[in-house]
Amino acid sequence: LWLIAWCRLSPLLASASQSLLSPFVACSSFVLLPSHLLPPFLFSLVNMASSAGSSMNKAIALDDAEYKKYQDWKLGRKPYKGHKFMFWEVKDDNAWVVTHTMKPESESKTQTDQIQDLQNYVSENYEDKPCAITFTVKALEGADSRKTEKLGLIIWVPEECPAKVRFMYSTHQAKLISKLSFGKAITIDTAGEIDYADLLTHLAVAGKKLASVDKE
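Residues numbered from 1 in each chain as written. Predicted model: local features only at pLDDT ≥ 70, side-chain atom pairs only at ≥ 80, totals over all residues. Heavy atoms only, no water.

Q: Can you walk me through the nonpolar core in this structure?
A: One broad trend across soluble globular proteins is that nonpolar side chains are buried collectively. Residues F87 and W156 are the most contacted members of the largest nonpolar core, which totals 23 residues. Of all the secondary-structure elements, those providing two or more residues to this core are β1 (85–91), α4 (111–125), β3 (131–141), β4 (146–156), β5 (186–188) and α6 (196–203). In terms of residues, this core owes the most to one element, β3, which gives five residues. If near-sequence neighbours (up to four positions away) are discounted, F87 is found in contact with V97, V98, T99, H100, M102, L118, Y121, V122, Y126, C131, A132 and I133. V90, W96, L153 and I155 belong to the second largest nonpolar core, which has 21 residues in total. (Core = buried A, V, L, I, M, F, W, Y, C linked by side-chain atoms within 4.5 Å. Buried < 20%, exposed > 50% of the residue type's maximum accessible area, 1.4 Å probe, protein only. Helix = DSSP H or I, 4+ residues; strand = E, 2+ residues; numbered from the N terminus. Contact = heavy atoms within 4.5 Å.)

Q: What am I meant to see in the environment of T187 here?
A: Considering the arrangement of structural elements, one finds T187 in strand β5. Discounting chain neighbours no more than four positions away, the residues touching T187 are I155 and Q173.

Q: In this structure, what is going on with the layout of surface pockets? I would like to understand it.
A: Rolled over the atoms, a probe sized like a water molecule indicates the empty space that remains. The computed volume of the second largest pocket comes to approximately 250 Å³. G82, H83, K84, T136 and E149 are, among the 14 residues lining the second largest pocket, the residues nearest its centre. If you list the elements that add at least two residues to the lining of the second largest pocket, you get α3 (64–74), α4 and β3. Class assignment for the residues of the lining of the second largest pocket results in two nonpolar, six polar and six charged. (1 Å grid on protein atoms, 1.4 Å probe; cavity = no way out; pocket = protein on both sides within 12 Å on 5 of 7 lines; lining within 4 Å. Points joined across faces, edges and corners; volume = space filled by probe spheres on them. Nonpolar A, V, L, I, M, F, W, Y, C, P; charged D, E, K, R; others polar.)

Q: For this particular structure, what's the right way to read the packing of aromatic side chains?
A: Each aromatic ring pair is characterised by the separation of its centres together with the angle its planes make. Taken as a whole and assessed by the stated rule, the structure comprises seven aromatic pairs. Judged by centre distance (6.3 Å) and plane angle (40°), the rings of Y67 and Y70 are tilted. Residue Y67 and its partner Y70 are both found in helix α3; the two are separated by three residues, about one turn of the helix. The partly exposed category is assigned to Y67, whose relative accessible area is 26%. Y70 gets classed as buried once you look at its relative accessible area, which sits at 0%. Judged by centre distance (5.4 Å) and plane angle (90°), the rings of W96 and Y169 are edge-to-face. Of the two residues, W96 sits in strand β2 (residues 95–102) while Y169 sits in helix α5 (residues 163–179), which places them 73 residues apart along the sequence. Y169 carries the same exposure label as W96, and that label is buried. The ring of Y126 carries K129 above its face, with NZ or CZ at 5.0 Å from the centroid. (Phe/Tyr/Trp six-rings, centres within 6.5 Å; stacked < 30°, edge-to-face > 60°. Lys NZ or Arg CZ within 6 Å of the ring centre and 35° of its normal.)

Next comes the structure, spelled out in structure tokens:
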């Protein structure tokens, strides 16, 4: 709740600080006051405005080399053939990068088992840190149960992450969604939600339900 309140109030406070402080600081035509001469309230506003400006101006990148890795993975090219999961992380607060890919433990497993492999891997390796995961699943689509393969994007931001990191990934996911041409991402914060049936529900488009390909 405090993070939501901060996100809503900080732009207003930053704007107010610029108005209040413009006669004293911020303008090169005036002499800047040393920080110890500013009243505590105004000094806090200066810091707030500076932090807000830095965050707003920091752009997130996804360069061509990372995008090519994604295209090669999506098309099943070497060295990614058979790798159903691709992991992404934000590095240095300013770039999405591919960290690694992953094969299910056994490709002969059901789709349910393969997604369970992913759930187990995330639980063990990303218990308290975020990532993004592009993945593929097989499904039956529409009234005629046509076999298809769907591509999806998970934004994994566990509850154990620091609030600052959760906010960063929530903000930067738009770049990944746009660059990789996804309509939306599936945001998940508990490992139990990495589930085949749940993912099919998220991936279904209007008028075309997705059903499991696994035999009962």
